[in-house]
Amino acid sequence: MSTADINKVDSDESKTLDKQQIEAEEKEIMLKESEATEADVELRNDGGPVKAALSGDITEQGREDEEAIEKDIDNEKAHDKTDDETKSKQRFQFLQTCPFSQYLHQTANENDGDNATNKKSFGMFNVYPKIFKKQSATNEAALASMETLEDKLDTPNDGMENVKLDIVDDQEGKVATRLPLKERIRQKKFITDDLLVCGVVVLVLLAVIVGIVIGARVGPPNERPLRLGRFITTQTSCGLVEGILEKAVYQFFSIPYAVPPVGERRFTYAQPLNDLSMCWNGTLDVHKKGPPCIQLLENGTVIGEEDCLTLDIVTPHVRYDSPLPVVVLIGANTLAGGVGPVQPSATYAWTNEVVFVRPNFRLGAFGFLALDILSQSKYPPSSGNYGLSDLVVALQWIQYNIKNFGGDPTSVTLLGHRAGATLTAALTTVRRAHSLYSRAWLSSPSVIFPGEPLERAHKNNEQFKHILKCNDVECLRRANPMEIISATPDTWLGSDAHTLPRTGETKRSWLVLDGEYLRTHAYESWDSQKEAKNIGKEKFFKPLVFGTSQHSAHSALLRNKHVEWSAELVEREVEASALGDRNLTRDMLDLYGRTYLGLAELTSAVRTLCPLVSLARMRLGAPLYVVTAAGVARGAGPATADADIEAMLGSLKSTAPETRRFIAAMQQLFYYFVWHGKTAAGMGGLVEVGQDSRPLAGLPACDRLIQEDIVPRYAHVD
């Protein structure tokens, strides 16, 4: 009812007192209702109960009630917030190290420096609460104020149920989902999928890292990189060298290991390359084989050069992990010269996993000439054995550098053949060489070593000075290399390993007791080493294996001496020897037969096999093998002195099953020794190697020759 209607009622004076009183009461009720209605309309027009509450129209009692309610709500919110934070930490703690999240954390700290302290408590996930914190707090405050005012004003319930909708959060989530990743990073609005993706990326990276580490440990070793797919570079103590990949192995040829022995250094002991001025700049190309040391071959041909102190390396791997055993090949037919079968094998380096090293060393007069004018040119006086010094320096180089070629410097086997085996045997008596190798295998060496003083060697070599017409060192060093070879007496050349001994024959050894490298007889040195080993005083007595062929004297020189060897010719040859002079012709022919093979076997027994039996079995107690296989040499002839080396290094080729079995037997013996430092089980004392390896009870013929003082008196000399 409007105010005009109420006034209209007041103007009606004709009504009774009772009616007037009743009307007055109704009027008062109507005025109250009208004021309430206008106040309600005004509140709705001005913003509702929130504005009225903020404008201070609520009573003091309402304010106190409202403050109490808000305090309870704040406490609940604080409790809920703490629970939410704790759950958030527990839920996302495993992602703290994610680089992506750390980047977000760093960006948030730069933009909101004032809140850095609070953010640290959340780690990298402080961005997520920040996005929704402001909006959630505003909505909760508004809802709390509305609920408080509604309770205080007793707003009539119109039958509608109050429903709280988090419209803002829902819209924000949808908007963030629609944004690109870069935009979400810029606005720091992220969704759960972003965190899950980051976690997956971290797990994948961890799996890749673990796979790489495991693969590096259990996979094949890493090789050095190749240039153009063929050339490989590695380091030496004197500079870089570049080898070549051929036949599935890496080959390095003619690497210098000592100062060139030319000019003033002719007839001097080898000097290592320990001065940078003697090294090379850049990378040295070692793709091709260089010349050997100058020497005179058995056919009278001169080959090689004086500047020859280099070595060849063949290795299946160039790496530093899993180093392989090293085999040093020392070969020469005689100490005057002669190219033998001791050459590195690419195939066997790969199949047997070893590193082959073949050093060049001086031969003939260039390697072993001992003269008084040379000894007097240095202090203390000494000369001779220059080739032996070359090998010592080569072994030192191997110790310093072989690790750069995939080799193990703690596992070095010396493989000597013929004159090279004689030098190897001499090396075992040189004290300065004891730490440079691990073991030695000697094939067909001489057992005759120098025992006379150096002055006696000077007198024996006076003939050389007279032929060359030199009376001082300068003359010797100015002489042309061909003049030195021509001045070498014929009696100094060749070998007597293929002929029966003659009574009164002269023996001449290239090796001498120079006082520098060889100081005592080899037998005395070995005896002292054995004694020191027995009392545990010294441990430099290295494992040794000796061996030769039953027909090591078989050669083209002996075979072609007669067109056909008849029984009469064989008997005549034995009768003319020292054996005939001792009336042993008939006994030896009964033991060995009257054929060419019998003659070759008898000559081998006197010159090589039986002297080795006396040395290896009786003196050193070292294993000795005898190659008895027939038909394994080239042309299906008897096994020569080269048969065992050719089998071990792969140069003996044959399709015959018997020969292949012999090759396998020799390789099993040798490479087991190389890898394990000892002979295979069952190989002790004397071993026969035919198509297989088996113990040999004894050699009665050798026992007879030893009793008759033929052995080792007439052993061959290199």
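Here, every reference points to the structure presented above.
Residues numbered from 1 in each chain as written. Predicted model: local features only at pLDDT ≥ 70, side-chain atom pairs only at ≥ 80, totals over all residues. Heavy atoms only, no water.

A.B. asks: Can you walk me through the pairing of strand E15 (residues 686-689) in this structure?
C.D. replies: The two faces of a sheet get side chains in turn, since along a regular strand they alternate between them. Neither face of E15 is left uncovered, since the one carrying Leu686 and Glu688 and the one carrying Val687 and Val689 both have all their residues buried. Pairing of E15 with strand E16 (residues 693-695) involves 3 bridges; the strand directions are antiparallel. What sits directly across from Val689, in E16, is Ser693. The hairpin turn running from E15 into E16, its antiparallel successor, is 3 residues long. (Buried < 20%, exposed > 50% of the residue type's maximum accessible area, 1.4 Å probe, protein only. Helix = DSSP H or I, 4+ residues; strand = E, 2+ residues; numbered from the N terminus. Pairing = 2+ DSSP bridges.)

A.B. asks: Looking at this structure, how should I read the packing of helix H24 (residues 585-592) against helix H28 (residues 700-707)?
C.D. replies: When two helices pack together, their arrangement is captured by the angle between the axes and the distance separating the axes. The N-to-C vectors of H24 and H28 enclose an angle of 165°; their axes lie 11 Å apart at closest approach. Taken together, the axis directions place H24 and H28 in an arrangement best described as roughly antiparallel. Viewed along their axes, H24 and H28 form a crossing whose handedness is left-handed. Of the residues in H28, those in contact with Asp587, Met588, Leu591 and Tyr592 of H24 are Ala701, Arg704 and Leu705. Residue classes in the contact of H24 with H28 are distributed as 5 nonpolar, no polar and 2 charged. (Axes fitted to C-alpha atoms, helices over the stretch in contact; angles between N-to-C directions. Parallel < 35°, antiparallel > 145°, perpendicular 65-115°, else oblique. Left-handed = near helix turned anticlockwise from the far one by under 90°. Contact = heavy atoms within 4.5 Å. Nonpolar A, V, L, I, M, F, W, Y, C, P; charged D, E, K, R; others polar.)

A.B. asks: Explain the pattern of salt bridges to me, please; I cannot follow it from the model alone.
C.D. replies: Two side chains carrying opposite charge are able to pair once their charged atoms lie near each other. Summed over the entire model, instances satisfying the criterion amount to 24 salt bridges. Lys465 serves as the salt-bridge partner of Asp372, at 3.1 Å between the closest nitrogen and oxygen. Here Asp372, found in helix H13 (residues 372-375), pairs with Lys465, found in helix H17 (residues 462-468); they are 93 residues apart in sequence, far enough to count as distant. For Arg607, the salt bridge identified is with Asp496, shortest N-O distance 3.7 Å. With Arg607 in helix H25 (residues 596-620) and Asp496 in the loop between helix H19 (481-486) and helix H20 (522-534), the pair connects residues that are 111 residues apart, well separated along the chain. In this pair, the class of Arg607 matches that of Asp496, namely buried. A single salt-bridge network, built from bridges that share partners, covers Asp496, Glu505, Lys507 and Arg607. (Salt bridge = Lys/Arg side-chain N within 4 Å of Asp/Glu carboxyl O.)

A.B. asks: Can you walk me through unusual backbone geometry in this structure?
C.D. replies: What is expected of a backbone is that most residues other than glycine have negative phi and most peptide bonds are trans. Following Tyr379, the chain continues to Pro380 via a peptide bond in cis, the omega torsion being -5°. Note that Pro380 resides in the loop between H13 and helix H14 (386-401). Residue Pro712 is reached from Val711 by a cis peptide bond, and omega for that bond is 5°. Following the sequence through the fold, Pro712 ends up in the segment after H28. Phi angles above zero are rare outside glycine, and Ser444 is one such case at about 55°. Position of Ser444 relative to the elements: it lies in the loop between strand E12 (439-443) and helix H16 (454-460).

A.B. asks: Would you mind going over the state of the cysteines with me for this structure?
C.D. replies: By definition, a disulfide is the covalent link that joins the sulfur atoms of two cysteine residues. Considering all chains together, one arrives at 4 disulfides under this definition. The disulfide bridge from Cys238 ends at Cys279, spanning 1.6 Å between sulfur atoms. Torsion about the S-S bond of the Cys238 and Cys279 cystine: about -100°, corresponding to left-handed handedness. Of this pair, Cys238 sits in the loop between strand E2 (231-236) and strand E3 (239-246) while Cys279 sits in the loop between strand E4 (249-256) and strand E5 (283-285); the two residues are 41 residues apart in sequence, bridging distant segments of the chain. For the pair Cys238 and Cys279, one class covers both residues: buried. Covalently, Cys293 is tied to Cys308 through a disulfide, its sulfur atoms 1.9 Å apart. (Disulfide = S-S within 2.5 Å.)

A.B. asks: Looking at this model, I keep getting lost on the environment of Gly239. Mind explaining?
C.D. replies: Looking at where Gly239 falls in the secondary structure, it is placed in strand E3. For the pair formed by Gly239 and Cys279, sequence separation is 40 residues and the distance between their alpha carbons is 6.9 Å. If near-sequence neighbours (up to four positions away) are discounted, Gly239 is found in contact with Thr234 and Trp280.

A.B. asks: Looking at this model, I keep getting lost on the packing of aromatic side chains. Mind explaining?
C.D. replies: Tallying each qualifying case throughout the model produces 16 aromatic pairs. Note on Phe252 and Phe405: the rings are 4.9 Å apart at their centroids and 90° apart in plane angle, and the pair reads as edge-to-face. Placement of Phe252 in strand E4 and of Phe405 in the loop between H14 and strand E11 (407-418) is noted, with a sequence separation of 153 residues between them. Each member of the pair, Phe252 together with Phe405, is buried. Plain terms: the ring middles of Phe267 and Phe366 are 6.4 Å apart, the flat faces sit at 10° to each other, and that makes the pair stacked. Of this pair, Phe267 sits in the loop between E4 and E5 while Phe366 sits in helix H12 (residues 364-368), and the two are 99 residues apart along the sequence. When sorted by exposure, Phe267 lands in the same class as Phe366, which is buried. A cation over an aromatic ring shows up here: Arg432 above the ring of Tyr517, its NZ or CZ 4.3 Å from the ring centre. We note Arg508 situated over the ring of Trp510; from NZ or CZ to the ring centre the distance is 4.5 Å. (Phe/Tyr/Trp six-rings, centres within 6.5 Å; stacked < 30°, edge-to-face > 60°. Lys NZ or Arg CZ within 6 Å of the ring centre and 35° of its normal.)

Just distances and angles here, no functional claims.
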